[in-house]
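Examining the three-dimensional arrangement
Spelled out from the first residue to the last, the chains are:
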Amino acid sequence: MIDRAWSLFFLMVPILGVGIFVWAMVGVYPMEGLWLPKNVNEYGVIIDNLFMFILYLTGVIFIITGIVMFWFLWKYSASNNAEPVKFTHGSHMLEIIWSILPSAVLLFIAIYQMNAWADAKMRRPMVTNADGEEVVMLPVARVTGRQFEWRIQYAGADGLLDTKDDVFTVNELHLPAYEDVVLQIHSEDVLHSFFLPNLRLKQDVVPGMDQYMWFKATETGSFDIVCAELCGWGHYKMRGQLTLESRERFDKWLANLRAEQLLSVFDPAADDGDE
Amino acid sequence: MSAIPADSQRTETPRMSLSAFFTTYVFSKDHKIIGLQFLFSTLLWFLVGGLLALGIRWQLAFPWQDMPVIGNMLFAAEGGQISPEFYTTLFTMHATVMIFFVIIPILAGAFGNYLIPLMIGADDMAFPTLNMLSYWFMWPAFMLIGSSFFTPPYGAGGGWTSYPPLSVMTGAAPGSELAQTLWLLGITCVGVSSMMGSVNYLTTIIQMRAPGMTMFRLPLTIWAMFITALLQAFALPVLTAAGFMQVADRLLGTGFFIPEHLVVNNSIPASGGGQPLLWQHLFWFYSHPAVYIMILPAMGMVSDIISCFARKPVYGYKPMVYSISGIAGLGFIVWGHHMFVSGMNPVLGMTFMVATMMIALPSAVKTFNWLGTIWGGKVEFTTPMLFALSFVSMFIIGGLSGIFMAATPVDIFIHDTYFIVAHFHYVLFAGTAMAVFGAIYFWFPKMFGRMMNDTIGKVHFALTFIFLNGTFFTMHILGVVGFPRRLADPYPYKTFEHLQPMNEFMTYCAIAMVAVQILFVVNFIYSIFYGPRCGRNPWGANSLEWMAPSPPGHGNFDFQPVVYRGPYEYGSPEVDTDNYPQTQPPPPKDVPPTSEH
Ligand code: HEM
Ligand SMILES: [Cu+2]
Ligand SMILES: [Cu+2]
């Protein structure tokens, strides 16, 4: 009967759904580059692995439930099923099984990821100071979001922010690769969100709060800085560029910039409106 | 149709005075008329919201290009193209309209009103005047939000979440002075309307059930409406208070949400001492429960439809009730999952993460029980059944994508990307809106005494289903690449520049999806007047509303309904018929019903 064909309609959901994901993952025409952007952060791997783990897990559930649904519709369509309906109001045993199984899986995911979250947002890198004590690492730079640009202030040679030797740029963030880096982020007007897709980092920038982000880049190159929180009409153009380079090149770049800014009678206090 | 008060009233229509017309059809206190008023208003807004969405889709497929034909009419000043300011207004209005004027009022307002008294065997709501007011309070909301849209130059553009400081400081969003205030007041009016409705629903369901209608003989639709009303009653006051705080911040400079030391648009705002995150906590304390307000009634209606067309009792009725309650309870302690990367204490984020993971459990239990209901039945693929089945199939996708976002480290990457947009369109459009279509096809015969055309209905279903997946499934993939939401033009970014063709494809699907709704509109309007007449119970269902005349007259029932059993006794061996209505006395030899299934 034609009626039964509707169950095929629902079978297409898992088939096409999984198909599209696999296609994008493999990345062949016309779906090249439609997967996670290249990751260049040491911690980012953990996020990618967790994503893939959840993808496989939910994928299996998606396929099973989709096929079961199709099969029931196919087998028990009125035009096909001549037997009387199974008059039942449910089964305690089954309800218990299908409550406990998913809760175990969900609790497992919940506990499994806690470490990764703590690494990303709670365990700021530590360094040993001159007295041999373990202290939190200071930020190399402060990124300030404002409508509609990212202002960047480098701590400079003394490693402290808001001192005479600070260096300034706009929308252009250079950072050393292959080592732990801490950034302070800050907003001077509305909410923004500092999003580095290739480093799997995102943090809303909240006015009135100083926040810290850290990572360890595994590669050099230039990457997008995206604003991911609506900040007004110009939100779409709040674009920055992150350049990851070796320590030597970074130091040279910073020194050059500092020399330039000393020459151009640059007075940080006058420009830095909020302090 | 039988001789009932409404019919006699209708024959008198020629002599009906103007004031009688007004009290019968306009300022009516009859829950059915109010339900239909909600239905018609929300369907009209559905169209508006859909067209706004096409504006967004146009910009994402063809950024800064003239819209053909209508562009010059709409945006003459910009030479027919969407300006970035207008783009923010577009997505703000699309979400506002869809959430506050379509999904919430069509579920609680339209179906809640229409079905609650009929399904519990009451003659009307407990407070008919309050009920009438709950509809008429939507009108100030319609006008406030509508005028906010047209307030020059751009209208409210803070997103439906209206996060301060952007939404509070006019300097940050030039052009939003009046518009944002009107928007906030409009949302407050929706809240007042919902509150009046929920008080009424709670009282009616507790107090006015027909003899024999115990709580565990209620259809799941009613259980869902009951829990939804509870959610509204507890969550809405918080939104209302927060809304007034934001209005005060805007008009009186109270600074609840504004911190010190800001420099906005080169000037220093006068107020300070507040916290932007406070708004997010208050907003999501309402708006997370609100996402369940936007789906629980749909889940209830889907359970009724599936049981009816599988000709089999709902599998696990009580687990279904418990999971609705579980979702509602947990729903109050997961709001922080919208704030994982907001700057909220990450330890708190972990707590919210565990609660969020656990809320997927009752959703899973419900899904398994729907599948269990189909198992061993005799499935009839009618139009309402197809829509209800698609709800189940699509809700699985939306529920599973929720797990990605509940995993905090993954959410760092996908928060505020199209992955989120995919998630909530799967639960809200592919889920709730499809269920609502199913519910309309299912209860239309009761509402108007006529059937809708089944063939057109099936074509409507098939095309909507295909195009909605074309539009929304692809959003997951965009999200995996990191494509941010609310960005007028993402293509200058290296990471996203190659995504334009995919967006173009989605836009074509979206246009087609909106276009095929013409089938529904035509079917709906034509059937009201010319559809084949139906009797009281065209689907052979069990619950009480099908025992009343179609359409029911004033006072609903032409007999006193007495309930002997639960609403899902399809295929019962106790009787020879395929259905076993709740009002049908048991065969004489039988002992009186003991358990309440
Ligand atoms: C299986 C259960 C669910 C889980 C685990 C879940 C989880 C989440 C999470 C973690 C977010 C925040 C993502 C982010 O912004 O980064 C979210 C967003 C959202 N969810 Fe769900 N969700 C579930 C079911 C639902 C349902 C049933 C609905 C509605 C009917 C819904 C509607 C929404 C909406 C509207 C948003 C986005 C709001 C916005 O940012 O504009 N979710 N969900
Ligand atoms: Cu922004
Ligand atoms: Cu939520």
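In this text the structure is predicted, and so the values were computed from the model without any measurement.

Here is what the cut-offs are and how they apply
Residues numbered from 1 in each chain as written. Chains lettered and ligands numbered in written order. Predicted model: local features only at pLDDT ≥ 70, side-chain atom pairs only at ≥ 80, totals over all residues. Heavy atoms only, no water. Near = heavy atom within 4 Å. Polar contact = N/O pair within 3.5 Å; in protein donor to acceptor, adjacent residues only side chain to side chain. Helix = DSSP H or I, 4+ residues; strand = E, 2+ residues; numbered from the N terminus. Nonpolar A, V, L, I, M, F, W, Y, C, P; charged D, E, K, R; others polar. Domains from an automatic or database assignment. Contact = heavy atoms within 4.5 Å. Buried area = accessible area lost by both parts, 1.4 Å probe. Salt bridge = Lys/Arg side-chain N within 4 Å of Asp/Glu carboxyl O. Pairing = 2+ DSSP bridges. Axes fitted to C-alpha atoms, helices over the stretch in contact; angles between N-to-C directions. pLDDT = per-residue confidence, 0-100. Parallel < 35°, antiparallel > 145°, perpendicular 65-115°, else oblique. Left-handed = near helix turned anticlockwise from the far one by under 90°. Expected span 1.5 Å × (residues − 1). Buried < 20%, exposed > 50% of the residue type's maximum accessible area, 1.4 Å probe, protein only. Donors = N, O, S within 2.8 Å, 3.2 Å for Na, K, Ca; no water.

Moving on, we get to the site of ligand 1. All names here are of chain B. Lining the immediate environment of ligand 1, one finds 23 residues, of which Trp-160, Asp-411, His-415, His-423 and Arg-485 sit closest. Residue Asp-411 places a side-chain N or O atom 2.6 Å away from an oxygen atom belonging to ligand 1. At 2.7 Å from an oxygen atom of ligand 1 is found a side-chain nitrogen or oxygen belonging to His-415. Contributions of two or more residues to the shell around ligand 1 are made by α10 (276-293), α13 (346-374), α14 (383-406) and α16 (418-448). Class assignment for the residues of the shell around ligand 1 results in 13 nonpolar, 8 polar and 2 charged.

Attention shifts here to the domain arrangement of chain B. All names here are of chain B. On domain assignment, one finds that chain B holds domain 1 (29-72 + 82-259) and domain 2 (295-551). Each partner contributes residues to the interface: domain 1 has 50 residues there, and domain 2 has 57 residues. Overall, the association of domain 1 and domain 2 removes approximately 4,300 Å² of surface from exposure, summing both partners, and the carbon and sulfur fraction of that is 78%. Applying the counting rule to domain 1 against domain 2 returns 0 salt bridges. At the junction of domain 1 and domain 2, the tally comes to 13 residue pairs in polar contact (both at pLDDT 80 or more). Here the residues of the side of domain 1 that touches domain 2 are counted per class, giving 40 nonpolar, 8 polar and 2 charged.

What follows deals with the sheet that holds strand β10 (residues 211-216) of chain A. Sheet strands pair via backbone hydrogen bonds, and the direction of the pair is either parallel or antiparallel. All names here are of chain A. Taking strand neighbours across the sheet as the criterion, the 5 strands line up as β5-β4-β3-β7-β10 in an open arrangement whose pairing is mixed. Each edge of the open sheet is held by one strand with a lone partner, namely β5 (167-170) and β10. For this sheet, the mean inter-axis angle between neighbouring strands, taken without regard to orientation, is 25°. Bridge analysis of strand β7 (residues 180-187) against β10 gives 6 bridges, and the strand direction is antiparallel. For Gln-184, the partnering residue across the bridge sits in β10 and is Tyr-212. Of the strands in this sheet, β4 (149-154) and β5 touch helix α5 (residues 247-263), which is tilted by about 95° from β5.

Residues and elements named next belong to chain B. Here chain B shows a mean pLDDT of 92. Residues at 70 or above account for 95%. For chain B, per-element mean pLDDT is lowest for helix α1 (residues 5-11), which scores 44, and highest for helix α11 (residues 296-310), which scores 98. Scored below 50 in pLDDT, residues 1-13 shows 18 contacts in the model against residues more than four places distant or in partner chains. Prediction confidence for the complex, expressed as pTM and ipTM, is 0.94 and 0.94 respectively.

With that settled, consider the packing of α13(B) against α14(B). Residues and elements named next belong to chain B. Close contact between α13 and α14 brings their axes to 10 Å; oriented N to C, the two are set at 160°. It follows from the interaxial angle that α13 and α14 lie roughly antiparallel. Like other packed secondary-structure pairs, α13 and α14 cross with a definite hand, here left-handed. Contacts between α13 and α14 involve Met-353, Thr-356, Met-357, Ala-360, Ser-363, Thr-367, Trp-370 and Ile-374 from the former and Leu-389, Phe-391, Val-392, Phe-395, Ile-396, Ile-403 and Ala-406 from the latter. Its residues placed into classes, the contact of α13 with α14 shows 12 nonpolar, 3 polar and no charged.

Turning our attention to helix α18 (residues 500-515) of chain B. Residues and elements named next belong to chain B. In this model α18 runs 22 Å from its N-terminal to its C-terminal C-alpha over 16 residues, within 8% of the 22 Å that 1.5 Å per residue would give. Among all positions in α18, only Met-502, Asn-503, Met-506, Thr-507, Cys-509, Ala-510, Ala-512 and Met-513 are buried. Of the surrounding elements, those touching the buried residues of α18 are α3 (31-61), α16, α17 (454-481) and α19 (517-530).

Glancing now at the environment of B:Asn537. Residue and element names in this part refer to chain B. Along the chain, Asn-537 turns up in the segment after α19. Distance in space between the C-alpha atoms of Asn-537 and Pro-164 is 52 Å, their sequence separation being 373 residues. Setting aside its immediate chain neighbours within four residues, Asn-537 contacts Trp-546, Met-547 and Asn-579.

Residue and element names in this part refer to chain A. The 5 strands lie next to each other as β6-β12-β11-β8-β9, forming an open sheet whose pairing is mixed. In this open sheet, the two strands that pair with only one neighbour each are β6 (172-176) and β9 (201-205). The average undirected angle you get between the axes of adjacent strands in this sheet is 25°. As paired strands, strand β8 (residues 192-196) and strand β11 (residues 221-227) are joined by 2 bridges and run antiparallel to one another. Residue pairing across strands places Phe-194 opposite Cys-227, the latter belonging to β11. Strands β6 and β12 (240-245) of the sheet are contacted by α5, whose axis makes an angle of about 135° with β6.

Once that is clear, we can look at the domain arrangement of chain A. All names here are of chain A. If you check the domain split of chain A, you get domain 1 (2-79 + 91-121) and domain 2 (137-272). If you average the C-alpha positions of domain 1 and of domain 2, the two centres end up 37 Å apart. At the junction of the two partners, domain 1 supplies 14 residues and domain 2 supplies 16 residues. With both chains or domains summed, domain 1 and domain 2 bury close to 1,300 Å², and 46% of this area falls on carbon and sulfur atoms. When the buried surface of domain 1 facing domain 2 is broken down by residue, Val-40, Asn-41 and Lys-121 rank first, second and third, together holding 44% of it. Applying the counting criterion to the domain 1 and domain 2 interface returns 3 salt bridges. A salt bridge links Lys-38 to Glu-219; the nearest nitrogen and oxygen atoms lie 2.6 Å apart. At the level of elements, α2 (44-75) and α4 (114-121) are the ones that each hand at least two residues to the side of domain 1 that touches domain 2. In terms of residue class, the side of domain 1 that touches domain 2 is built from 6 nonpolar, 3 polar and 5 charged.

From the protein, the iron atom of ligand 1 takes a single donor atom, B:His423 (NE2), 2.1 Å away. Separating the iron atom of ligand 1 from the copper ion (ligand 3) is a gap of 4.6 Å.

Here the focus is the pairing of β9(A). Residues and elements named next belong to chain A. Counting buried positions along β9 gives 5 out of 5 residues, so the element sits mostly inside the fold. Residues Leu-201, Gln-203 and Val-205 point to one face of β9 and Lys-202 and Asp-204 to the other, with burial holding for every one of them. As paired strands, β8 and β9 are joined by 5 bridges and run antiparallel to one another. Paired with Ser-193 across the bridge in β9 is Asp-204. Where β8 folds back on β9, the antiparallel hairpin that results is connected by 4 residues, among which Arg-200 adopts a positive phi of roughly 55°.

Taken together, the protein donors to the copper ion (ligand 3) comprise B:His288 (ND1), B:His337 (NE2) and B:His338 (NE2), at separations of 1.8 to 2.0 Å. For B:His337, a relative accessible area of 15% translates into the label buried.

To continue, consider the interface of chain A and chain B. Taken together, the contact pairs 101 residues of chain A with 111 residues of chain B. Summed over both partners, the interface of chain A with chain B comes to about 9,100 Å²; 75% of that surface belongs to carbon and sulfur atoms. Of all residues in chain A, the largest losses of buried area upon contact with chain B belong to A:Trp117, A:Leu230 and A:Tyr236, amounting jointly to 8% of the total for that side. Connecting chain A to chain B are 0 salt bridges. Summed over the shared surface of chain A and chain B, the number is 25 residue pairs in polar contact (both at pLDDT 80 or more). Elements that contribute at least two residues to the side of chain A that touches chain B include exactly α1 (6-26), α2, α3 (92-112), α4, β9 and β11 of chain A. When residues in the side of chain A that touches chain B are grouped by element, the largest group, 13 residues, is from α2(A). Along the lines of polarity and charge, the residues of the side of chain A that touches chain B split into 60 nonpolar, 24 polar and 17 charged.

For the structure on display, the rule yields 15 salt bridges over all chains. For B:Arg311, the salt bridge goes to B:Asp578, with nearest N and O atoms at 2.8 Å. Pair noted here: B:Arg311 is in the loop between α11 and α12 (317-331) and B:Asp578 is in the segment after α19, with a separation of 267 residues, a long-range link. The class of B:Arg311 is buried, set by a relative accessible area of 4%. Ionic pairing is found between B:Asp416 and B:Arg485, a salt bridge with its closest N-O pair at 3.5 Å. Taken together, the residues span a long stretch of sequence, with B:Asp416 in the loop between α15 (408-414) and α16 and B:Arg485 in the loop between α17 and α18 at a distance of 69 residues. Linked by salt bridges that have partners in common, A:Arg146, A:Glu149, A:Arg151 and A:Glu188 make up one network.

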